[in-house]
Amino acid sequence: LLNEVGAPPRLKMHIAGESMFNDGSSVVFFMIFNTLFLFETGIEGVGENIDFGQGVSLFAQGALGAAAIGMAFGLGLLCVLYNLSRRLEREENVIQVAATIAIAYLSFYVSEELLGFSGVIAVVVTGITTRAFGAGMINDPHLMGSFWILVEQLLNTVLFTIGGVVWGVVISRTDERPEFGGVFGGTDWGYLILLYVLLNAIRFLLIFGFYPLVSRIGLKSNVREATFISFSGLRGAVGIALAISLESEIFAATANEPDAFVFREQASTAFGMVGGIALLTLLINGTLAGPLIIKLGLVKSSKTREKVLEKVNEEIRDHATDDLLHLLTDSRFKDVDFAVVSEHVPMLKKLNLEQLKKAIRRNKDSAPLAGYREPNLTNLLPYLVSQSPGKTSEMSESMEEIDRDFVRVAQSVLVMKHSTLNVPRSDHFSKSVRSAFAPELTTSETSHSGSSDPETPEDNPPPEQKFKESSPDEVASSAFEIRLIFIEALRFEYNEQNRKGEIDGREGLIHHLLLQSADFAIDSANRGEPLNDWALLFIADHRAIHYNVGAFIETLLNPSLLRNRKAYRGSQKDYQRLRRDIHLALAFINAHRNAQEKVKHEFMGVDPDIDTVEAYNVVLRESNNEIVKAEQLLASSHKRDLRVIVSHLLCILLLNKTARHVEFLTATGILTSRDAHHHLEEIEHALAHLRECTAVSHGELTLAEKQKSLKRLQIPKSIMKDIITEEE
């Protein structure tokens, strides 16, 4: 809650510290009064009569003794963390995490069970000691933090689930007999309301009673913070755990004592009160804490902060624009439609020519001199010009400022006579699709030079020609090893695509299919067979089973998909199959390209040996053959469907990249959790809309409209004579 409303760090530290030690001291008080309550049952050997002096002594022993035990275990944990110093050994990082939870439970057990002190205070002091002196000894802070977040979530879920079930049983009993715990009646509900009011009043008295001291020491405090701390005290996990413990202990102690059954009713009533207080504080205090902290002005944004947020929002938009230009250098997105991007990516809805110009400048300035790859603006530029309200001359000047190369982009659209994607399937069509989706099918450096005419093995003689001939057995042996490494590189690429959001793990089990094809390819390679992972991937029955299971899960969890897809010109099953086939082919091609580059980098260094060169070329040809098979699926798809689905994929990549950038800004402290939550919610909403979108048209421009738009850039008349009017 404090993170969501953007509470200042000092307030969060006050509340967290007060909460931890409040829980620890409450356990000590519970131990004392639980002993007295058990003594009241009159059962021999159960409980003990404790007077005031003994109570004070027990509290001091329980609290101070627990603190000493916690500090001792904290120092021991520091020794363990210090000796587990090999940061690059993942096993030691896992052992560090395991050591923290083992020491935490051990300190609790020794303090609570063996010595009779407060286990909670011991654990708190252990944690404080470790955090204060051992934060720098943790090899993998991300792993450690993620583990404890998971543990906290799991334990709270288990505790509140059990507590909720038991509390529901207590308040719903109809049998008035005390041996069953009695009935939680109307009078009890009245006392519950009164208890809630009294507890809040007592908390206000305690906080403000110590306010003169708290406001002058440590981090200090003020009246507004003290008011919020008093109101925001939520009674939850510890109270429920202690109430469950009390009821369980009383029921066990009175099992053979019919005369003491009345204490069962009292224990059940106490549990009903504790559960009711937890519920009321969550519903009332928890709900009103957000408006109260804003009303008190504890999270009021200053004008300077508002200006900072405006700059951050601009930076997020600029980062998304940079990502867009980077993705437009990828041949997968050669035919992407910016109308789709503008509709589904909120950060780019208002992208204009001026922002595009600045983004291109940033990309050029940040790229190595020989490594800059020119983005394909063929479909982006006409859309931005059509949306620009500026005068013709101003736009022309803007374009000249960007680069003369982008005027040539406009010219290429104006003289476009047909789209190769409209040509019927043929040798020419396959060649054009290969050029569009996989220009890097050779060992050349085409992808780095930005050349639009990739070399083929025939055009560029392979490097092995400068070596003497190698024996077939040596080449086959080397090819076998490189093939296995290549398949593992494919597996890594599939996992990377899933991590980055390029593959939706919820869509037809595509990620599972790709990984399984790699497993099958390993078995095939071990039998001495060449790469054939596309054939293994597209075994008809195997694919259908996974697709149908995935489609069933997706539709079951999101029924709106079934309703929305009625607008699609084909059936729901056809739509799912088409989208998944295209996503599958694109992921397959991209993984093969990247794996080729990685293997090439590892094995084709400055002076490779002849066996390695020939073996690499063998595996490269096999990979290229698999890519061509995947391209044939793309070639068989309808042009409009392919463009929309690929454009959706581009949107998914942009949104996921932006989300990671927002998380980075949060981690560096530039964005607060509250501000980041707003951006991430917007991104999640956009991703959900993308998953449900089945529109075949997003207001994209026809070829004639693109040409009409670009005429405003004052393209020379000598080029205009070749303009055609045929629409896509």
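Computed from a predicted structure; not experimentally measured.

S.K.: Account for the overall build of the chain, with residues named and values stated.
M.R.: Each helix and strand counted, the chain has 30 helices and 0 strands in total. Among the 728 residues that make up the chain, the fraction classed as buried is 45%. Pairs at least 24 apart in sequence give 80% of the contacts found in the chain among residues at least 6 apart. Surface accessibility of the chain: about 37,800 Å² in total, with carbon and sulfur atoms responsible for 59%.

S.K.: I'd like a rundown of the packing of helix 2 (residues 9-40) against helix 5 (residues 119-134), residues and numbers included.
M.R.: Relative to each other, helix 2 and helix 5 sit at 150°, their axes nearing to 8 Å. Between helix 2 and helix 5, the angle is such that the two are roughly antiparallel. Within the contact between the two elements, helix 2 uses Met-20, Phe-21, Asp-23, Gly-24, Ser-25, Val-27 and Val-28 and helix 5 uses Val-120, Ile-121, Val-124 and Ile-128. For the contact of helix 2 with helix 5, the per-class residue count stands at 8 nonpolar, 2 polar and 1 charged.

S.K.: Could you give me a rundown of helix 5, with the residues and numbers involved?
M.R.: Look at helix 5: 21 Å from first C-alpha to last across 16 residues, which is about the 22 Å you get at 1.5 Å a residue. All of the buried residues along helix 5 are Gly-119, Ile-121, Ala-122, Val-124, Val-125, Thr-126, Thr-129, Thr-130 and Gly-134. Looking at the packing, one finds that the buried side of helix 5 touches helix 2, helix 3 (52-83) and helix 4 (90-114).

S.K.: For the packing of aromatic side chains, give the residues involved together with the corresponding values.
M.R.: Taken as a whole and assessed by the stated rule, the structure comprises 7 aromatic pairs. Seen in terms of ring centroids, Phe-204 and Phe-208 are 6.4 Å apart; in terms of plane orientation they differ by 5°. Their pairing is stacked. Taken as a pair, Phe-204 and Phe-208 lie in helix 7 (residues 186-209) at a separation of 4 residues, close to a single helical turn. Between Phe-208 and Tyr-211, the aromatic rings sit 6.2 Å apart at their centres with planes inclined by 40°, giving tilted as the arrangement.

S.K.: Tell me about the pattern of salt bridges, and please be specific about residues and values.
M.R.: Applying the stated criterion across every chain yields a total of 15 salt bridges. Across the pair Arg-332 and Asp-330 runs a salt bridge whose closest N-O atoms are separated by 2.8 Å. With a relative accessible area of 5%, Arg-332 lands in the buried category. With a shortest N-O distance of 2.9 Å, Asp-335 and Arg-643 are connected by a salt bridge. Linking Asp-335 in the loop between helix 12 (303-327) and helix 13 (338-344) with Arg-643 in helix 27 (residues 639-667), this pair joins segments that are 308 residues apart in sequence. Using a relative accessible area of 12% as the deciding quantity, one classes Arg-643 as buried. When salt bridges that share partners are traced, they join Asp-330, Arg-332, Glu-502 and Arg-593 into one network.

S.K.: Could you give me a rundown of a nonpolar patch on the surface, with the residues and numbers involved?
M.R.: On the surface, Tyr-191, Leu-194, Leu-198, Ile-202, Leu-206, Phe-210, Leu-213, Val-214 and Ile-217 cluster together into a nonpolar patch covering about 860 Å² of accessible area. Elements with a contribution of two residues or more to the nonpolar patch: helix 7 and helix 8 (211-214). For the nonpolar patch, the leading source of residues is helix 7, giving 5 residues.

S.K.: Could you give an account of the packing of helix 6 (residues 141-171) against helix 11 (residues 261-295), with specific residues and numbers?
M.R.: Running from N to C, helix 6 and helix 11 point in directions that differ by 120°, and their axes come no closer than 9 Å. With respect to helix 11, the element helix 6 is oriented oblique. Crossing geometry of helix 6 relative to helix 11 is assigned as left-handed. In this structure, helix 6 uses Gly-163, Val-166, Trp-167 and Val-170 to contact helix 11, whose residues at the interface are Ser-268, Phe-271, Gly-272, Gly-275, Gly-276 and Leu-279. Of the residues belonging to the contact of helix 6 with helix 11, the class tally is 5 nonpolar, 5 polar and no charged.

S.K.: Break down helix 20 (residues 472-500) for me, citing the residues and quoting the values.
M.R.: With 29 residues, helix 20 ought to run about 42 Å at 1.5 Å a step, and its terminal C-alpha atoms sit 41 Å apart, in line with that. Immediately beyond the C-terminal end of helix 20, within one or two residues, lies Gly-501, with a positive phi of roughly 90°.

S.K.: Which residues make up the nonpolar core, and what values do they have?
M.R.: Counting residues in hydrophobic clusters, the biggest one holds 89 residues, and the most contacted among them are Leu-324, Val-341, Leu-380 and Leu-514. Judged by nonpolar contacts, the second largest core, of 17 residues, contains Ile-32, Leu-36, Ala-63 and Val-125.

S.K.: Tell me what's going on with the environment of Arg-235, and back it up with residues and numbers.
M.R.: As for its position among the elements, Arg-235 is in the loop between helix 9 (223-231) and helix 10 (237-253). You can call Arg-235 partly exposed: its relative accessible area is 26%. In sequence terms Arg-235 and Leu-280 are 45 residues apart; their C-alpha atoms lie 9.1 Å from each other. If near-sequence neighbours (up to four positions away) are discounted, Arg-235 is found in contact with Leu-199, Asn-200, Arg-203, Ile-277, Ala-278 and Thr-281.

S.K.: Can you explain the side chain of Thr-126? Please cite residues and give values.
M.R.: Along the chain, the position of Thr-126 falls in helix 5. Overall, Thr-126 belongs to the buried group, its relative accessible area being 4%. In this structure the side chain of Thr-126 is engaged in a polar contact, spanning 3.0 Å, whose partner is the backbone oxygen of Gly-70. Apart from the residues within four sequence positions on either side, Thr-126 is in contact with Gly-70, Phe-73, Gly-74, Ile-103 and Ser-107.

S.K.: Could you give me a rundown of the environment of Leu-115, with the residues and numbers involved?
M.R.: Inspection of the secondary structure puts Leu-115 in the loop between helix 4 and helix 5. Once the C-alpha coordinates of Leu-115 and Gly-65 are considered, the two residues, 50 residues apart in sequence, prove to be 8.7 Å apart. If near-sequence neighbours (up to four positions away) are discounted, Leu-115 is found in contact with Ile-69 and Val-110.

The rules behind the values
Residue numbers run consecutively from 1 along every chain, following the written order of its sequence. Side-chain atom pairs in this predicted model are given and counted only at pLDDT of 80 or more, local residue features only at pLDDT of at least 70, and totals for whole chains, interfaces and linings cover all residues. Calculated side-chain values reflect all of the structure's heavy atoms, with hydrogen atoms and water omitted. In this text, helices come from DSSP runs of H or I with a minimum length of four residues, and strands from runs of E with a minimum of two, each type numbered from the N-terminal end. Exposure is judged per residue with a 1.4 Å probe applied to protein chains only, and the accessible area is read against the type maximum: over 50% gives exposed, under 20% gives buried, and values in between give partly exposed. The contact rule is simple, with two residues in contact once any of their heavy atoms fall within 4.5 Å. Residue burial considers only the protein chains on display, and all accessible areas are found by Shrake-Rupley using a 1.4 Å probe. Between N-to-C directions, angles span 0 to 180 degrees; the directions come from axes that are lines fitted to C-alpha atoms, helices contributing only their stretch in contact. If an angle is under 35 degrees, it is roughly parallel; if it is over 145, roughly antiparallel; if it lies from 65 to 115, roughly perpendicular; otherwise it is oblique. We call Asp, Glu, Lys and Arg charged. Ala, Val, Leu, Ile, Met, Phe, Trp, Tyr, Cys and Pro are nonpolar, and the rest, Gly among them, are polar. What a helix should span is 1.5 Å times the count of its residues minus one. Any two rings among Phe, Tyr and Trp, with Trp reduced to its six-membered ring, count as a pair given centres within 6.5 Å; such a pair is stacked if its planes are under 30 degrees apart, edge-to-face if over 60, and tilted if neither. Every case where a carboxyl oxygen of Asp or Glu lies within 4 Å of a side-chain nitrogen of Lys or Arg is listed as a salt bridge. Candidate patch residues must exceed 30% relative accessible area and have no salt bridge, after which like charges are joined if within 9 Å and Val, Leu, Ile, Met, Phe, Trp or Tyr side chains if within 5 Å. Left-handed is the label given to a crossing in which the near helix is rotated counterclockwise from the far helix by less than a right angle, and right-handed is the label when the rotation is clockwise. Definition of nonpolar core: a set of buried residues of the types Ala, Val, Leu, Ile, Met, Phe, Trp, Tyr and Cys, connected through side-chain atoms within 4.5 Å. Any pair of nitrogen or oxygen atoms within 3.5 Å is treated as a polar contact; in protein, a donor-acceptor pairing is required on top of that, and neighbouring residues in sequence qualify only through side-chain atoms on both sides.

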